[in-house]
Amino acid sequence: MIRILYFTSSGEIRTDVAPETLPALLQDTTGLLWLDLREESPETCTPIMRDVFGFHPLAIDDALDESHVPKVDDWGQYLYLVLHAVSYNAEENDIDTLELDVFVGANYIVTHQDTPLKAVERVWNLCQRDERHLKRGPAHLLYKLADEIAADYMPVVEDIDITIDEIEDQVFDNPTPGVLEQIFGLKRALLTLRRIIGPQREVLNKLGRGDYAVIPTGYNVFFRDVYDHLVRLYDIGESLRDLVGGALDTYLSVVSNRMNEVMKTLTVITTMFMPISFLAGFFGMNFFQPTFPFDAWTSQSAFIALMALMLLLPVGMFLWMRKRAWM
């Protein structure tokens, strides 16, 4: 889908612009053009980027064919940026990255998205409702896009935080192998988030401190504000990674303690029945008349005494172990 938003020098917002009129609109330096290429094939996007806007073939290939980490390239008359939004699947603890390619010139901004981004849609609707955002130029639109993308990170971080709290409760109540799988899923999700926020933070740092021709003087403070948001998100992500690591250590400790309790119980049972096993092995549990004269061993009194001993020994050992706090 090709969408065009054009802000004329007279303050009119037009959305009924045909792609054939793009060259003429670019010649008007007093207007502002926003071209949004959403879910369009490379065969459609390449002629527009190459012939109408004159973008470098390498920049076009990066935008259409390759997936990059967040970056900013200065091509003199325009900037090429790669920004990443995220989507979080709480059920699978999985984070997907959604790439946004942005070209920023003196009087235009071109966005390319393979998957529709909510941040782009919000800025698009905002510009139609309030023309002040268009009056401030393409650098302001770039700031709004970066700010909205950064704002979408916070709900993801909050969802992960809630999931970590739930897992911490499950670790003590029911430490099943499924909980361990969730923990490793969160570790992978937070590692993905770190790989995204880190480079994107540096992109905003360059925009906030760099000297680019298409960024007006004094406008760097807006990008530094987004940079501060990303720094805070990066620190929160690192704290969540520590919490997940602590949850993993707690899970292993709880499982190990439960295993020790099981082994202790089995050991106590074995120890309690060990004297009975000795008695049964010594006497052979044979109370029939032997072939040689040894009547005392097979008398009724011996049988009663042996049965009483076999009953009292486990009880006595149980009480003795309780007294020594072994159970």
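Going by the structure above, here's the rest.
Residues numbered from 1 in each chain as written. Predicted model: local features only at pLDDT ≥ 70, side-chain atom pairs only at ≥ 80, totals over all residues. Heavy atoms only, no water.

Caption draft 1: Local environment of empty space enclosed by the protein. In the structure shown here, the tally under the stated rule is 1 cavity of 30 Å³ or more. Approximately 40 Å³ is the volume attributed to the largest cavity. Around the largest cavity sit L190, L193, R194, I197, L233, Y234, G237 and E238, which together line it. Those elements that provide at least two residues to the lining of the largest cavity are helix 8 (177-209) and helix 9 (220-283). Of the residues contributing to the lining of the largest cavity, the split by class is 5 nonpolar, 1 polar and 2 charged. (1 Å grid on protein atoms, 1.4 Å probe; cavity = no way out; pocket = protein on both sides within 12 Å on 5 of 7 lines; lining within 4 Å. Points joined across faces, edges and corners; volume = space filled by probe spheres on them. Helix = DSSP H or I, 4+ residues; strand = E, 2+ residues; numbered from the N terminus. Nonpolar A, V, L, I, M, F, W, Y, C, P; charged D, E, K, R; others polar.)

Caption draft 2: Structural context of the environment of L190. As for its placement among the helices and strands, L190 is situated in helix 8. With near-sequence residues (within four places) excluded, L190 lies in contact with I160, G237, L240, R241 and V244. (Contact = heavy atoms within 4.5 Å.)

Caption draft 3: Just the environment of T46, in detail. Tracing the backbone shows T46 in helix 2 (residues 42-52). Taking relative accessible area as the criterion, T46 reaches 21% and is therefore assigned partly exposed. On a C-alpha basis, the gap between T46 and E261 in space is 67 Å, while along the polypeptide they are 215 residues apart. If sequence neighbours within four positions are ignored, T46 has contacts with D51, I60 and L64. (Buried < 20%, exposed > 50% of the residue type's maximum accessible area, 1.4 Å probe, protein only.)

Caption draft 4: Examining the sheet that holds strand 1 (residues 2-7) more closely. Spatially, the 7 strands line up as an open sheet ordered 2-1-3-7-6-5-4, and their pairing is mixed. The strands lining the two open edges of the sheet, one partner per strand, are strand 2 (13-14) and strand 4 (71-74). Inspection of the sheet shows strand 6 (residues 94-104) paired to strand 7 (residues 108-113) by 5 bridges, in the antiparallel sense. Across the sheet, the residue bridging to F103 is V110, located in strand 7. Its contacts with the sheet put helix 2 on strand 1, strand 3 (32-38), strand 6 and strand 7, and the angle it makes with strand 3 is roughly 155°. The strands that helix 8 touches are strand 4, strand 5 (79-89) and strand 6; relative to strand 5, the one it contacts most, it runs at about 155°. (Pairing = 2+ DSSP bridges. Axes fitted to C-alpha atoms, helices over the stretch in contact; angles between N-to-C directions.)

Caption draft 5: Inspection of the packing of aromatic side chains at higher detail. In this structure the tally under the stated criterion is 13 aromatic pairs. A ring pair is formed by F55 and Y108, whose centres lie 6.1 Å apart and whose planes are at 45°; its orientation type is tilted. Placement of the pair is F55 in the loop between helix 2 and helix 3 (57-64) and Y108 in strand 7, with a sequence separation of 53 residues. Residue classification places F55 among the buried residues on the basis of a relative accessible area of 3%. Judged by relative accessible area, Y108 falls into the buried class, the value being 9%. One aromatic cluster is present, formed by F53, F55, W75, Y78, Y80, F103 and Y108 through successive ring pairs. When the ring centre of W124 is taken as reference, the NZ or CZ atom of R3 above it lies at 4.2 Å. Positioned above the aromatic ring of Y234, the side-chain terminus of R201 is 4.4 Å from the ring centre. (Phe/Tyr/Trp six-rings, centres within 6.5 Å; stacked < 30°, edge-to-face > 60°. Lys NZ or Arg CZ within 6 Å of the ring centre and 35° of its normal.)

Caption draft 6: Spatial organisation of the packing of helix 7 (residues 153-173) against helix 8. Two numbers describe how helix 7 lies on helix 8: the axes approach to 11 Å, and their chain directions differ by 155°. Regarding the angle of helix 7 to helix 8, the classification is roughly antiparallel. Crossing of helix 7 against helix 8: the hand is left-handed. Of the residues in helix 8, those touching helix 7 at Y153, V157, I160, T163, I164, I167, Q170 and V171 are V179, Q182, I183, L186, L190, L193, I196, I197 and Q200. By residue class, the composition of the contact of helix 7 with helix 8 is 13 nonpolar, 4 polar and no charged. (Parallel < 35°, antiparallel > 145°, perpendicular 65-115°, else oblique. Left-handed = near helix turned anticlockwise from the far one by under 90°.)

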